[in-house]
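# An overview of the molecular structure
One-letter residues, chain by chain:
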Amino acid sequence: YINPVKRNNWSGDYFARLLQQLPQHAFLIDDWYHGYALIEGYFQGVCHLREDVTLTRWFVEYGGSKADRDQILERARQWASSGKLYLSNDEYPMSALISELSKTGEWRVQREGTALKVVP
């Protein structure tokens, strides 16, 4: 699995652009897994740009357990209700989260610059 926006030097630039456009106190869900350690790796270079942003990952480790995913899904629904939930991309595995959020028809995803915003 290789996500082209996270390859080599692109990753820091991509997340710097993404973070700069988020509103204050936004919630961002990313998909790093299988060795893509966002927190431990390239996010460290840009996290100081937005200390007010809460960052969470969808797949905790290699997909995580169903209980882990359900807990994050519930948190995502709460954050979406605040109007400040953003997703880093729509590729797998984030597409699985998007599918879960849109099952009830309550939420949809729209592009806002680099990020994807979850809206009613």
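Residues numbered from 1 in each chain as written. Predicted model: local features only at pLDDT ≥ 70, side-chain atom pairs only at ≥ 80, totals over all residues. Heavy atoms only, no water.

This brings us to the packing of helix 2 (residues 66-81) against helix 3 (residues 94-102). A packed helix pair is summarised by two numbers, namely the angle formed by the two axes and the spacing between the axes. Their axes nearest at 11 Å, the elements helix 2 and helix 3 cross at an angle of 65°. Seen along the crossing, helix 2 lies across helix 3 with a hand that is right-handed. Facing Leu73, Ala76 and Arg77 of helix 2, the residues of helix 3 in contact are Leu97, Glu100 and Leu101. Here the contact of helix 2 with helix 3 is composed, by residue class, of four nonpolar, no polar and two charged. (Axes fitted to C-alpha atoms, helices over the stretch in contact; angles between N-to-C directions. Helix = DSSP H or I, 4+ residues; strand = E, 2+ residues; numbered from the N terminus. Left-handed = near helix turned anticlockwise from the far one by under 90°. Contact = heavy atoms within 4.5 Å. Nonpolar A, V, L, I, M, F, W, Y, C, P; charged D, E, K, R; others polar.)

One non-glycine residue with positive phi stands out, namely histidine 25, at about 60°. Along the chain, histidine 25 turns up in the loop between helix 1 (10-21) and strand 1 (27-30).

Bringing the confidence of the model for the protein into the picture now. The pLDDT averaged across the protein works out to 78; a share of 73% of its residues lies at or above 70. By mean pLDDT, the top-scoring element of the protein is strand 3 (residues 85-87) (94), and the lowest-scoring one is helix 1 (75). (pLDDT = per-residue confidence, 0-100.)

Attention shifts here to the nonpolar core. With 18 residues, the main nonpolar core has Ile29, Trp58, Leu85, Leu87, Leu97, Leu101 and Val118 as its most contacted residues. Going through the elements one at a time, strand 1, helix 2, strand 3, helix 3 and strand 5 (115-119) are the ones with two or more residues in this core. No other element matches the five residues that helix 2 contributes to this core. When residues no more than four places from it in sequence are discounted, the contact partners of tryptophan 58 are Ile29, Asp30, Arg69, Ile72, Leu73, Pro93, Met94, Ala96 and Leu97. If you look at the next biggest cluster of nonpolar residues, it comprises 11 residues, including Tyr14, Leu22, Ala26 and Val53. (Core = buried A, V, L, I, M, F, W, Y, C linked by side-chain atoms within 4.5 Å. Buried < 20%, exposed > 50% of the residue type's maximum accessible area, 1.4 Å probe, protein only.)

So, about the sheet that holds strand 4 (residues 108-112). Spatially, five strands are ordered 2-1-3-5-4 in an open sheet, and the strand pairing comes out mixed. Single-partner strands in this sheet number two, and they are strand 2 (54-57) and strand 4. The mean inter-strand angle of the sheet, taken between neighbouring strand axes irrespective of direction, is 35°. In the sheet, strand 1 pairs with strand 2 via four bridges, with the strands oriented parallel. Paired with phenylalanine 27 across the two strands is threonine 54, which belongs to strand 2. Together, strand 1, strand 2, strand 3 and strand 5 form the strand contacts of helix 2, whose direction differs from that of strand 2 by roughly 145°. The strands touched by helix 3 are strand 1, strand 3, strand 4 and strand 5; relative to strand 3, the strand with the most contacts, the crossing angle is about 140°. (Pairing = 2+ DSSP bridges.)

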